[in-house]
2 protein chains.
Amino acid sequence: MRNWAVAIHGGAGVIGRSMDPSMASVRMNHLEMVIRHASERAEQGQSAVDLVEQAVIELEEIPEFNAGRGAVLTADGKHELEAAIMDGSRAACGGACLLRNIRNPIRLARRVMEQSPHVLLAGEAAESMGMDLDRVENDWFTTSLRKEQWESWAATKREADARGPATVGAVARDQAGNLAAATSTGGRTGKPPGRIGDTPTIGAGTWADQTCAISGTGHGEAFMAAVTGHAVSARMRHLNEPLAEAASVIIHQEMPAGSGGLIAVDGSGRLAMPYNCEGMYRAAADSSGHLEIAIWD
Amino acid sequence: MRNWAVAIHGGAGVIGRSMDPSMASVRMNHLEMVIRHASERAEQGQSAVDLVEQAVIELEEIPEFNAGRGAVLTADGKHELEAAIMDGSRAACGGACLLRNIRNPIRLARRVMEQSPHVLLAGEAAESMGMDLDRVENDWFTTSLRKEQWESWAATKREADARGPATVGAVARDQAGNLAAATSTGGRTGKPPGRIGDTPTIGAGTWADQTCAISGTGHGEAFMAAVTGHAVSARMRHLNEPLAEAASVIIHQEMPAGSGGLIAVDGSGRLAMPYNCEGMYRAAADSSGHLEIAIWD
């Protein structure tokens, strides 16, 4: 039994070992910073839901990841952001999607969870819940990397060719034993405006209950059709599978090869971070002193 | 083993036995017509996915139900429709939400499933997939009943007081053994524009795989937090529970009392239609000659 455990991801997908080594190292350094901050807060007794929200805010602020600033561009060259959060201790959840002006989408998801009777709000309905939060022009999210990726997408208009999605997420087990998950993304380069993915879909890309907390990353539609997060929890609860086995069955046997990965934590603070594609930016830490930051195996 | 089986619903919720008996009888007559049509097509060998789409189109066309014409009004007095469909034989699914001008939302959901690489499209992105389908002005959906309900909601602005949601849905097991589910709704009276419910959320209000097909109705947020449809399937697959038992555990033990109900069919054509509220408009038929139309127990 770990006293606390935290994991974060910065996206899974086509991450070739031949990639620009400076980008890999920049992202690894960011992951290390965010996991160290989260570890300090976990050690101080912060709640799971605060831990995952805060970790995702930090990841959203990093322009090398596809969430908040640095998000990918839609087919019409804009940004449409989405996020969700779930507090496993009370089955409370909130998501926000089709966002264009809120600097930190995960903050809105938290407000939908805490302050509305709803689970998923889109566009203005969601943004109006955060009028006191930092708001930005839509092009504030744009970086030169995402512009290049959009131009390369625009040459073929094939979404399947889009590279480096780099969705972000966090899961945590706090000292009180509560679990929470949070995920935030700009989606896929070249997605049509109005496309909603797995990130804000409770049960698919984001899930937490008293059994486990899950944040997914990859081909969103595959996660939605598999209801990935809920599927891992169901195997654990009904088949008494340990977290690592349940997560592995879903990612390696039930989901299509190349579709992505997830980070997960269970009620005892055990962690699992399986993926079925080339790589996944990820980091994990727990109260035993374990610290791990990785892209490939 | 039934050769085929079909069930439909016209919503669950606060349906007091003291309600206007003429409205109850009108809705019962409609349900009988739609289930008879579906039975004839099932007998002729229509596929499960065509069966549920066609049944939901017929239900959308009936102004006494809350889908298509007759949909409830949002807080701003407009209609925002949503629908989803899932083909259990190939884990294909599609949903559409925040729709304002498409006459039959379920047709768009079908197109998202068949013709797009996406699972859920909102607003214009979805509507643009059906430019050749019947389109209407937003107020074409309005009926005097829904106007009265909106006025009564507007007096208190309490969504929880909204009465008679009457979402529609269908599930089917065809002669080839395939399963499918479809659901369509206008949501809840007084919902904020931009609120997305369980109907288009794959796994929550709409689900089909090779084990069962589910269409839910009731308090959407409760279905999203419980991932209701997928939860029923998971119990059947992992615990070997029969459909009736799995559906009953989820509706009566795991979901809050008063939150709604669902219709379900399994691979052998067995049907279940549990609900945890006052009543649920429902009808079912199968190849053994069984025909059932009911509101209360």
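Residues numbered from 1 in each chain as written. Chains lettered and ligands numbered in written order. Predicted model: local features only at pLDDT ≥ 70, side-chain atom pairs only at ≥ 80, totals over all residues. Heavy atoms only, no water.

Draft legend 1. Quick peek at the environment of M19(B). Residues and elements named next belong to chain B. Positionally, M19 belongs in the loop between β1 (5-13) and α1 (21-43). Once the C-alpha coordinates of M19 and T228 are considered, the two residues, 209 residues apart in sequence, prove to be 28 Å apart. Beyond its immediate stretch of four places on either side in the chain, M19 contacts A24, R27, Y281 and W296. (Helix = DSSP H or I, 4+ residues; strand = E, 2+ residues; numbered from the N terminus. Contact = heavy atoms within 4.5 Å.)

Draft legend 2. Region of the structure containing the environment of D286(A). All names here are of chain A. Note that D286 resides in strand β12 (residues 279-286). Judged by relative accessible area, D286 falls into the buried class, the value being 6%. On a C-alpha basis, the gap between D286 and G269 in space is 7.5 Å, while along the polypeptide they are 17 residues apart. Discounting residues that sit within four places of it in the chain, D286 has contacts with R2, W4 and A5. (Buried < 20%, exposed > 50% of the residue type's maximum accessible area, 1.4 Å probe, protein only.)

Draft legend 3. Summary view of the packing of α1(B) against helix α2 (residues 48-60) of chain B. All names here are of chain B. Following both chains from N to C, one finds α1 and α2 inclined at 155°, their axes separated by 10 Å at the closest point. Classified by the interaxial angle, the pair formed by α1 and α2 is roughly antiparallel. Helix-helix and strand crossings are classified by hand; for α1 and α2 the assignment is right-handed. Mapping the contact onto sequence places L31, M33, V34, H37, A38, R41 and A42 in α1 and L51, Q54, A55, E58 and L59 in α2. A breakdown of the residues in the contact of α1 with α2 according to their chemical character gives 8 nonpolar, 2 polar and 2 charged. (Axes fitted to C-alpha atoms, helices over the stretch in contact; angles between N-to-C directions. Parallel < 35°, antiparallel > 145°, perpendicular 65-115°, else oblique. Left-handed = near helix turned anticlockwise from the far one by under 90°. Nonpolar A, V, L, I, M, F, W, Y, C, P; charged D, E, K, R; others polar.)

Draft legend 4. Structural view of the nonpolar core. I196(A), V232(A), I196(B) and V232(B) are the most contacted members of the largest nonpolar core, which has 92 residues in total. Setting aside chain neighbours within four positions, we find V232(A) in contact with C212(A), I214(A), L243(A), A246(A), A247(A), I250(A) and L262(A). (Core = buried A, V, L, I, M, F, W, Y, C linked by side-chain atoms within 4.5 Å.)

Draft legend 5. Up close: the relation of the copies chain B and chain A. Mapping chain B onto chain A leaves a residual RMSD of 0.0 Å; the transformation is a rotation of 180° accompanied by 0.0 Å of translation along its axis. In short, the pair behaves as if placed about a two-fold rotation axis. A shared interface surface links the copies, since 100% of the contact residues of chain B are contact residues in chain A too. (Least-squares fit on C-alpha atoms with pLDDT ≥ 70 in both.)

Draft legend 6. Just the environment of R173(A), in detail. Residue and element names in this part refer to chain A. Following the sequence through the fold, R173 ends up in strand β5 (residues 168-173). Taking relative accessible area as the criterion, R173 reaches 7% and is therefore assigned buried. Along the chain, R173 and K147 lie 26 residues apart, while their C-alpha atoms are 37 Å from each other. For R173, the side chain forms a polar contact with the main-chain oxygen of G267, separated by 2.8 Å. (Polar contact = N/O pair within 3.5 Å; in protein donor to acceptor, adjacent residues only side chain to side chain.)

Draft legend 7. Structural view of the confidence of the model for chain A. Across chain A, pLDDT averages 95, with 97% of residues at or above 70. Note on the complex model: pTM 0.97, ipTM 0.96. (pLDDT = per-residue confidence, 0-100.)

Draft legend 8. The arrangement of unusual backbone geometry in detail. Located in the positive-phi region is V227(A), a residue other than glycine, with phi close to 45°. Relative to the helices and strands, V227(A) is located in the loop between α6 (220-226) and α7 (228-239). One non-glycine residue, L98(B), adopts positive backbone phi at about 55°. Of note, L98(B) is situated in strand β3 (residues 92-99). Residue L98(B) is classed as buried on the basis of its relative accessible area of 14%.

Draft legend 9. Broad picture of the pattern of salt bridges. Residues and elements named next belong to chain B. Under the defined criterion, the tally for this structure stands at 34 salt bridges over all chains. When the shortest N-O distance is used, the salt bridge between R41 and E58 registers 3.4 Å. One end of the pair, R41, is in helix α1; the other, E58, is in helix α2, and 17 residues separate them in sequence. The class of R41 is buried, set by a relative accessible area of 14%. In this structure, R237 and D209 form a salt bridge, with 3.8 Å as the shortest nitrogen-oxygen distance. (Salt bridge = Lys/Arg side-chain N within 4 Å of Asp/Glu carboxyl O.)

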